[in-house]
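The residues making up each chain are set out below.
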Amino acid sequence: MFENLSSKLDKAFQTLKGQSKLTELNIAETVKEIRRALVDADVSYKIAKDFTNRIKDKALGGDVLTSVSPGQLMTKIVNDELVELLGGETQPIDLSGNPSVILIAGLQGSGKTTFSGKLVKHLKSKGRNPLLVACDVYRPAAINQIKVLGEQVGVSVFANEDLKDPLAIAKDAIKHAKANNYNVVVVDTAGRLSVDEVMMNEIGNLKSALNPQEILFVVDAMTGQDAVNTAKVFNDKLDFDGVVLTKLDGDTKGGAAISIKAIVNKPIKFVSTGEKMEALDVFHPDRMASRILGMGDIVSFVERAQDTFDKDEAAKLQKKMRKNQFDFDDFLKQLAQIKKMGNIKDLMGMIPGVGKAIKDVDIDDDSFKGIEAIIHSMTSEERQSPQILDGSRKQRIAKGSGTSTTEVNKLVKQFDEMKKMMKQMNSSKGTRAGKMPFKR
Amino acid sequence: MGLLDFFKKKPTTEQKEKLDEGLEKTRSSFINKISKVVVGKSTIDENFLDDLEEILISSDVGVDTTVKIIDRIEARVSKDKYLGETELNTMLKEEIIGLLSENESPIHNQETKPYVIMVVGVNGVGKTTTIGKLSHMFKQQGLKVVIGAADTFRAAAVDQIKIWGDRVGVEVVAKGMNTDPAAVAFEAVKYGSEVEADVVIIDTAGRLHNKVNLMNELSKIKRVMDKQVDGAPHEVLLVLDASTGQNAFEQAKQFTASTEVSALALTKLDGTAKGGVVIGISDQFNIPVKYIGVGEQMNDLQIFDGKNFVNSLFS
Ligand SMILES: Nc1nc2c(ncn2[C@@H]2O[C@H](COP(=O)(O)OP(=O)(O)OP(=O)(O)O)[C@@H](O)[C@H]2O)c(=O)[nH]1
Ligand SMILES: Nc1nc2c(ncn2[C@@H]2O[C@H](COP(=O)(O)OP(=O)(O)OP(=O)(O)O)[C@@H](O)[C@H]2O)c(=O)[nH]1
Ligand SMILES: [Mg+2]
Ligand SMILES: [Mg+2]
């Protein structure tokens with residue numbers, strides 16, 4: 001289990017405990033920890049170094065408000081920098097051509113063909129008339145794969161099993177598109193390594209010949225340190241317009257997103273979040289930053305809950321979280337459902353505020369017993385309105401659950417933090433880290 | 001020759017050349033950096049270790065393992081501070097090999113026939129391709145191989161493995177798309193026994209390790225085979241993509257939890273990705289790396305040899 005980034009930052013900030021000003025001296029250890037944490041999240045070593053140096057400069061230059069602790073200030077700076085780096089201008093994909101040509105490129109197995117299917121589905125739903133073109137002449141059954149996907153989404157596929165020349169196929173496809181009033185042509189290509197000169201030239205030639213409006217570089221979110229090399233070589237060759245980050249439905253931190261953005265400065269235009277044709281999303285820099293920082297991603301949590309849990313339940317839960325009406329009954333229900341899933345700690349980590357609380361706990365099914373006992377000992381009124389929990393109520397609950405008031409207090413406090421966090425997630429973007437309550 | 005004896009064979013010169021070739025890109029940058037770090041240093045100082053850290057981290061070795069390697073070097077050097085380039089290089093190699101070979105389990109001969117290998121991993125890492133190459137390898141050893149097409153989910157997955165079967169001349173047991181993968185695995189093992197195959201290899205659909213339902217499905221696929229042949233699958237091969245970063249650790253952990261992974265294959269080492277992730281995983285999970293993939297053709301599979309691997313990095 002990865003120790004999540006926020007808990008690492010917490011640890012780093014611990015070294016700042018009791019200090020009121022950020023100095024070159026007291027910040028060094030923190031900066032090192034942040035760098036280490038970023039690297040653990042797969043951010044490129046060099047880029048993490050540059051990034052933390054920038055953070056350091058900002059932190060040193062900035063005013064230290066007396067009301068804000070150094071740790072909180074650093075968290076805010078880190079988060080803001082990340083959001084800014086990941087964000088920036090995102091132009092929609094260029095569909096001005098007639099037909100518009102979109103060229104898809106990337107390493108083997110990154111998810112190009114799957115994404116191509118999703119993209120044409122998306123375009124079709126926007127009222128376009130897309131054509132999917134099969135230019136992978138190498139991979140066994142590549143053409144069948146894309147045909148199956150085309151059929152699934154109801155979009156025509158242009159392919160030529162007998163022609164082993166991607167360039168010729170693509171040219172034919174564009175003629176075909178013009179003749180048949182397709183207004184967007186999505187060209188799926190074979191996976192290729194950046195060191196494979198022949199294959200890199202092939203895609204370079206495709207670009208020159210097709211003059212695509214849009215070239216998208218598809219990259220697996222689980223990619224490690226190699227992301228910088230590959231992105232750079234593909235960008236040098238193709239000067240691509242945008243990045244597609246795939247397999248974000250996994251539990252990778254996705255630091256590669258930072259590396260790529262930093263090295264080629266191209267926007268991340270789409271994210272892929274599953275194998276099904278629906279699983280396409282636009283990129284949210286703030287979600288990505290909090291994912292990399294391990295600050296919890298309430299949206300992913302809910303989406304994943306929906307995957308596993310009863311859909312109606314999950315929708316209700318989401319609504320309650322939005323309205324900040326999440327109470328102890330919901331918490332209890334959630335625990336029960338989570339327990340069924342096995343991978344408890346992972347999932348819990350997605351709930352803002354919880355990841356930190358459970359980081360040192362070795363969670364098995366019994367781990368929730370104490371928490372459940374406490375909640376079970378509350379009256380339903382108390383569960384729904386935790387604010388009425390006063391000293392004597394807490395004493396009674398502690399007794400009833402065989403715990404201590406300290407434990408009851410701890411749970412109530414964590415629950416409050418969790419709610420606060422949910423509220424901030426809902427109301428503000430980008431600035432929420434500054435308000436994050438840190439235990440110290 | 002005993003079944004799977006060939007595993008023990010050292011790579012032939014030809015294979016070695018191919019490995020060197022495959023790793024050339026990896027090595028050239030790695031070695032350049034190492035030499036840069038090492039040349040002209042007669043003592044281990046902070047800078048040396050910082051540079052070393054950069055090299056290891058940039059190869060996806062991971063922070064924990066890197067720290068471990070550096071600690072070990074530091075511990076060894078603290079006594080006799082003065083070291084030349086050669087000694088440092090050797091020491092570094094030794095430490096990394098140490099981490100790898102600690103887990104290098106011997107590959108047992110299997111009296112069992114058929115020897116069943118189940119191949120698992122996240123999406124797109126190269127499972128199906130590795131099976132194609134593996135089958136070819138086995139076949140070249142004169143073994144009879146049967147493939148089970150138990151990825152019944154991903155578009156054209158069955159077609160893909162069938163094409164590989166044709167290519168390498170191996171029978172593929174398939175029941176079509178969207179059928180029960182456990183049933184396919186069962187059938188394949190059954191058929192393998194009937195035709196007295198030496199090896200049965202089961203392809204499975206790629207799945208992310210955090211999808212509980214899919215991981216449960218995988219456990220089920222694994223379980224049914226035992227009903228047909230005792231102890232099957234005898235090997236669960238987890239395929240890892242060399243370009244994957246630290247998430248590979250979680251993959252190793254979760255796939256081990258649901259299928260008791262017994263060996264690793266590291267693919268796409270012909271690219272620029274360093275594959276250093278193997279060092280950390282091998283160290284942390286005690287699972288040997290058995291194969292490396294160095295290309296998309298049927299001959300592009302090699303038996304992993306820790307010493308060879310590290311030597312190729314540093315030669
Ligand atoms: N879980 C998950 N799987 C994905 C996602 N995108 C693609 N996949 C899976 O990843 C695997 C590879 O996807 P493909 O679309 O075939 O990848 P590709 O880049 O076209 O591969 P090549 O053509 O061989 O280079 C398949 O199993 C897909 O179902 C995603 O966002 N999430
Ligand atoms: N360069 C290179 N490409 C490889 C290697 N192994 C596999 N590939 C390519 O990676 C892509 C995905 O390979 P597959 O074998 O389909 O991967 P998979 O794990 O079966 O994918 P899913 O079943 O969709 O999860 C294909 O384009 C393969 O040709 C390798 O060692 N080197
Ligand atoms: Mg493809
Ligand atoms: Mg496959």
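Structure shown above.
Below is a short write-up of the structure. (Residues numbered from 1 in each chain as written. Chains lettered and ligands numbered in written order. Predicted model: local features only at pLDDT ≥ 70, side-chain atom pairs only at ≥ 80, totals over all residues. Heavy atoms only, no water.)

## So, unusual backbone geometry
And step 1. A cis amide bond links A:Asn98 to the next residue, A:Pro99, at an omega of -5 degrees.
And step 2. Turning to its location among the elements, A:Pro99 is positioned in the loop between helix H4 (70-86) and strand E1 (100-106).
And step 3. Look at B:Lys268: it is not a glycine, yet its phi comes out positive at around 60 degrees.
And step 4. Tracing the backbone through its elements, the reader meets B:Lys268 in the loop between strand E6 (263-267) and helix H10 (277-285). (Helix = DSSP H or I, 4+ residues; strand = E, 2+ residues; numbered from the N terminus.)

## A few points about the interface of chain A and chain B
And step 1. Listed per partner, the contact involves 40 residues of chain A and 43 residues of chain B.
And step 2. By the criterion of area lost to chain B, the three top residues of chain A are A:Tyr45, A:Met222 and A:Glu275, representing 17% of everything that side buries.
And step 3. Linking chain A to chain B there are three salt bridges.
And step 4. Residue B:Asp64 is joined to A:Arg36 by a salt bridge in which the shortest nitrogen-to-oxygen separation is 3.3 Å.
And step 5. Counting every contact that joins chain A to chain B gives 18 residue pairs in polar contact (both at pLDDT 80 or more).
And step 6. A total of four residues in the side of chain A that touches chain B trace back to one element, the largest contributor, which is helix H6 (residues 142-153) of chain A.
And step 7. Here the residues of the side of chain A that touches chain B sort into 13 nonpolar, 14 polar and 13 charged. (Contact = heavy atoms within 4.5 Å. Buried area = accessible area lost by both parts, 1.4 Å probe. Salt bridge = Lys/Arg side-chain N within 4 Å of Asp/Glu carboxyl O. Polar contact = N/O pair within 3.5 Å; in protein donor to acceptor, adjacent residues only side chain to side chain. Nonpolar A, V, L, I, M, F, W, Y, C, P; charged D, E, K, R; others polar.)

## A word on the pairing of strand E4 (residues 199-204) of chain B
Residue and element names in this part refer to chain B.
And step 1. Most of E4 is tucked away: six of the six residues are buried.
And step 2. What you see with E4 is no split at all: Val-199, Ile-201 and Asp-203 on one side and Val-200, Ile-202 and Thr-204 on the other are buried throughout.
And step 3. Two strands pair when backbone bridges link them, and strand E1 (residues 115-120) and E4 are joined in this way by five bridges, in the parallel orientation. In the strand pairing of E4, Met-118 is matched with Ile-202. (Buried < 20%, exposed > 50% of the residue type's maximum accessible area, 1.4 Å probe, protein only. Pairing = 2+ DSSP bridges.)

## Brief notes about the site of ligand 1
And step 1. The environment of ligand 1 is made up of 23 residues, and the closest members are A:Lys112, A:Thr113, A:Thr114, A:Arg139 and A:Glu275.
And step 2. More than one chain approaches ligand 1, the contributing ones being chains A and B.
And step 3. Backbone polar atom of A:Ser110 to an oxygen atom of ligand 1: 3.2 Å apart, as the coordinates give it.
And step 4. Residue A:Arg139 places a side-chain N or O atom 2.6 Å away from an oxygen atom belonging to ligand 1.
And step 5. Protein coverage of the free-state accessible area of ligand 1, which is 650 Å², stands at 96%.
And step 6. Element by element, the count of residues in the shell around ligand 1 is highest for helix H5 (residues 112-125) of chain A, at four residues.
And step 7. Tallied by class, the residues present in the shell around ligand 1 amount to two nonpolar, 13 polar and eight charged. (Near = heavy atom within 4 Å. Areas by Shrake-Rupley, 256 points an atom, 1.4 Å probe, with all protein chains shown as cover.)

## A look at the site of ligand 2
And step 1. If you check the shell around ligand 2, you find 23 residues, and the closest are B:Lys127, B:Thr128, B:Thr129, B:Arg154 and B:Glu296.
And step 2. Ligand 2 sits at a junction of chains, with neighbouring residues supplied by chains A and B.
And step 3. Separating an oxygen atom of ligand 2 from a side-chain N or O atom of B:Gln160 is a distance of 2.9 Å.
And step 4. A distance of 2.8 Å is found between a nitrogen atom of ligand 2 and a side-chain nitrogen or oxygen belonging to B:Asp270.
And step 5. Coverage of ligand 2 by the protein amounts to 96% of the 650 Å² it exposes when considered alone.
And step 6. Per-element accounting of the shell around ligand 2 gives the leading share, four residues, to helix H5 (residues 127-140) of chain B.

## What about the packing of aromatic side chains?
Residue and element names in this part refer to chain A.
And step 1. Overall, the coordinates contain nine aromatic pairs over all chains when judged by the stated rule.
And step 2. Linked through ring pairs, Phe-326, Phe-328, Phe-331 and Phe-415 together constitute an aromatic cluster.
And step 3. The residue whose ring lies beneath Lys-266 is Phe-240, and the NZ or CZ to ring-centre distance is 5.2 Å. (Phe/Tyr/Trp six-rings, centres within 6.5 Å; stacked < 30°, edge-to-face > 60°. Lys NZ or Arg CZ within 6 Å of the ring centre and 35° of its normal.)

## Some points on the pattern of salt bridges
Residues and elements named next belong to chain B.
And step 1. Considering all chains together, one arrives at 26 salt bridges over all chains under this definition.
And step 2. Note that Lys-68 and Asp-283 form a salt bridge whose closest N and O atoms lie 3.1 Å from each other. In this pair, Lys-68 sits in helix H3 (residues 63-77) while Asp-283 sits in helix H10, placing the two residues 215 residues apart along the sequence.
And step 3. What makes Lys-68 partly exposed here is its relative accessible area of 31%.
And step 4. When its relative accessible area of 13% is taken as the criterion, Asp-283 is described as buried.
And step 5. Here Glu-194 ties to Lys-190 by a salt bridge, and the two come within 3.9 Å at their closest N and O atoms. Placement of the pair is Glu-194 and Lys-190 together in helix H7 (residues 181-194), with a separation of four residues, close to one helical turn.

## Remarks on the sheet that holds strand E3 (residues 157-158) of chain A
All names here are of chain A.
And step 1. Strand order across the open sheet formed by eight strands is E3-E2-E4-E1-E5-E6-E7-E8, with mixed pairing between neighbours. Across the chains shown, the open sheet's two edge strands, defined by having one partner strand only, are E3 and strand E8 (280-281).
And step 2. Two elements, strand E6 (residues 242-246) and strand E7 (residues 268-272), share three bridges in a ladder whose sense is parallel. Paired with Val-243 across the strands is Ile-268, a residue of E7.
And step 3. In this fold helix H7 (residues 166-179) packs onto E1, strand E2 (130-135), E3 and strand E4 (184-189), with an angle of close to 165 degrees to the strand it touches most, E2. (Axes fitted to C-alpha atoms, helices over the stretch in contact; angles between N-to-C directions.)

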